[in-house]
Amino acid sequence: KAGVTQTPRYLIKTRGQQVTLSCSPISGHRSVSWYQQTPGQGLQFLFEYFSETQRNKGNFPGRFSGRQFSNSRSEMNVSTLELGDSALYLCASSRSGQETQYFGPGTRLLVL
Amino acid sequence: QKEVEQDPGPLSVPEGAIVSLNCTYSNSAFQYFMWYRQYSRKGPELLMYTYSSGNKEDGRFTAQVDKSSKYISLFIRDSQPSDSATYLCAMTPDSKLTFGKGITLSVRP
């Protein structure tokens, strides 16, 4: 069974731009969660989507948003990029959310 | 106080050593406990998952949870150079995982 895939793997943007990241979960998984990983803060939860609805949200500003499609694929958008948004963005999927989450390889975003 | 505290690293051990990795937590609502391994420039890989106090063994890995003390551990027996990675504890009451900062382990041949 194919794992979680994320595209693109690497991105370079400049301050003020916006970016969209994509995540395809494991087949049969309906829950998709997004995390931000930085050396200083570690792994932090952004939000979780289940059946196209945001079910849980972390403590990030409104510039960070997401959505989920009917096939469970998810996208994450960051608007008005700041230097501090440079990070590894990880997507994780699970069947229903309340059990083990499997991570993708991540998208490494660099904001200049 | 952070919700999850993980022993700081890095940690360097010789091949064949027993490794003990530890995390403490403050949120009594945490019910599910996980250990992930992350190699450089890769996503975290699930190693162990448990939801009850006690020990769970999988090959060379043993996860231990003590809910009364709010303490979890991961033991690695007969450590190998291929175990060199960052180890992250994670826990959750539902679907929002809260992670420790991670500890980088180096196993010397």
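Above this note sits the structure.
From a predicted model like this one, the values you see are computed outputs, not experimental measurements.

A. Region of interest: the overall build of chain B. Secondary structure assignment for chain B yields zero helices and eleven strands. Secondary structure elements of chain B, listed N to C terminal, follow the sequence β-β-β-β-β-β-β-β-β-β-β. Here the C-alpha atoms of chain B give a radius of gyration of 13 Å, agreeing with the 13 Å that 2.2 N^0.38 yields for 109 residues. For chain B, the spread of C-alpha atoms along the three principal axes comes to 40 × 30 × 20 Å. The 109 residues of chain B split such that 44% are buried. Nonlocal contacts in chain B, meaning residues at least 24 apart in sequence, comprise 52% of its contacts between residues at least 6 apart.

B. Focus on the packing of aromatic side chains. Scanning all chains against the criterion turns up twelve aromatic pairs over all chains. Here the aromatic rings of Y25 of chain B and F33 of chain B are separated by 5.3 Å at their centres, their planes lie at 45 degrees, and the arrangement is tilted. The exposure classification of Y25 of chain B matches that of F33 of chain B, with both residues buried. Between Y36 of chain B and F99 of chain B the ring centres are 5.8 Å apart and the planes differ by 50 degrees, which places this aromatic pair in the tilted class. Here the residue Y36 of chain B occupies a position in strand β4 (residues 32–38), and F99 of chain B occupies one in strand β10 (residues 98–99), the gap between them amounting to 63 residues. Taken together, the aromatic side chains of Y35, F45 and F103 of chain A together with Y36 and F99 of chain B make up a single cluster linked through ring pairs. The ring of F50 of chain A carries the charged tip of R55 of chain A above its face, separated from the ring centre by 4.3 Å.

C. Quick peek at the sheet that holds strand β7 (residues 64–68) of chain A. Residue and element names in this part refer to chain A. Here four strands make up an open sheet; going across it, the order is β1-β3-β8-β7 and the pairing antiparallel. Only two strands of the sheet have a single neighbouring strand rather than two, namely β1 (5–7) and β7. The average undirected angle you get between the axes of adjacent strands in this sheet is 20 degrees. One ladder, built from five bridges, connects strand β3 (residues 19–24) with strand β8 (residues 74–78); its direction is antiparallel.

D. Quick peek at the sheet that holds strand β8 (residues 71–76) of chain B. All names here are of chain B. Pairing within the open sheet is antiparallel, and its five strands lie in the order β1-β3-β8-β7-β6. With partners counted over all chains shown, the strands left at the sheet margins are β1 (4–6) and β6 (54–58), one partner each. In this sheet, neighbouring strand axes are inclined to one another by 15 degrees on average, regardless of whether the strands run parallel or antiparallel. In this sheet, strand β7 (residues 61–66) lies alongside β6 in antiparallel orientation, the contact comprising five bridges. The residue bridging K56 from the neighbouring strand is A63, located in β7.

E. Structural detail: the interface of chain A and chain B. Every contact between the two is made by 26 residues of chain A and, on the other side, 16 residues of chain B. Surface buried jointly by chain A and chain B totals about 1,700 Å² across both partners, of which 54% is contributed by carbon and sulfur atoms. Taken together, chain A and chain B are joined by zero salt bridges. Where chain A packs against chain B, one counts five residue pairs in polar contact (both at pLDDT 80 or more). Elements supplying a minimum of two residues to the side of chain A that touches chain B: β4 (31–38), β5 (42–50), β6 (53–57), β9 (87–94) and β10 (102–103) of chain A. It is β5 of chain A that contributes the most residues to the side of chain A that touches chain B, four residues altogether.

F. Structural view of the nonpolar core. Counting 25 residues, the largest nonpolar core has L21, W35, I72, L74, I76, Y87 and M91 of chain B as its most contacted members. Those elements giving two or more residues to this core turn out to be β3 (19–25), β4, β5 (45–50), β7, β8, β9 (85–92) and β11 (103–108) of chain B. Apart from the residues within four sequence positions on either side, L74 of chain B is in contact with V19, S20, L21, W35, L47, M48, F61, T62, A63 and Y87 of chain B. Counting residues in each nonpolar core, the second largest holds 21 residues, with L11, C23, I26 and Y49 of chain A among its members.

G. The arrangement of the state of the cysteines in detail. Residues and elements named next belong to chain B. Under the criterion given, the structure shown has two disulfides over all chains. At a sulfur-sulfur separation of 2.0 Å, the disulfide partner of C23 is C89. Across the disulfide from C23 to C89, rotation about the S-S bond amounts to roughly -100 degrees, and the bridge is consequently left-handed. Note that C23 is positioned in strand β3 and C89 in strand β9, a separation of 66 residues in sequence.

Thresholds applied
- Residues numbered from 1 in each chain as written.
- Chains lettered and ligands numbered in written order.
- Predicted model: local features only at pLDDT ≥ 70, side-chain atom pairs only at ≥ 80, totals over all residues.
- Heavy atoms only, no water.
- Helix = DSSP H or I, 4+ residues; strand = E, 2+ residues; numbered from the N terminus.
- Rg over C-alpha atoms; globule rule 2.2 N^0.38 Å.
- Buried < 20%, exposed > 50% of the residue type's maximum accessible area, 1.4 Å probe, protein only.
- Contact = heavy atoms within 4.5 Å.
- Phe/Tyr/Trp six-rings, centres within 6.5 Å; stacked < 30°, edge-to-face > 60°.
- Lys NZ or Arg CZ within 6 Å of the ring centre and 35° of its normal.
- Pairing = 2+ DSSP bridges.
- Axes fitted to C-alpha atoms, helices over the stretch in contact; angles between N-to-C directions.
- Buried area = accessible area lost by both parts, 1.4 Å probe.
- Salt bridge = Lys/Arg side-chain N within 4 Å of Asp/Glu carboxyl O.
- Polar contact = N/O pair within 3.5 Å; in protein donor to acceptor, adjacent residues only side chain to side chain.
- Core = buried A, V, L, I, M, F, W, Y, C linked by side-chain atoms within 4.5 Å.
- Disulfide = S-S within 2.5 Å.

Shape descriptors only; they carry no functional weight alone.
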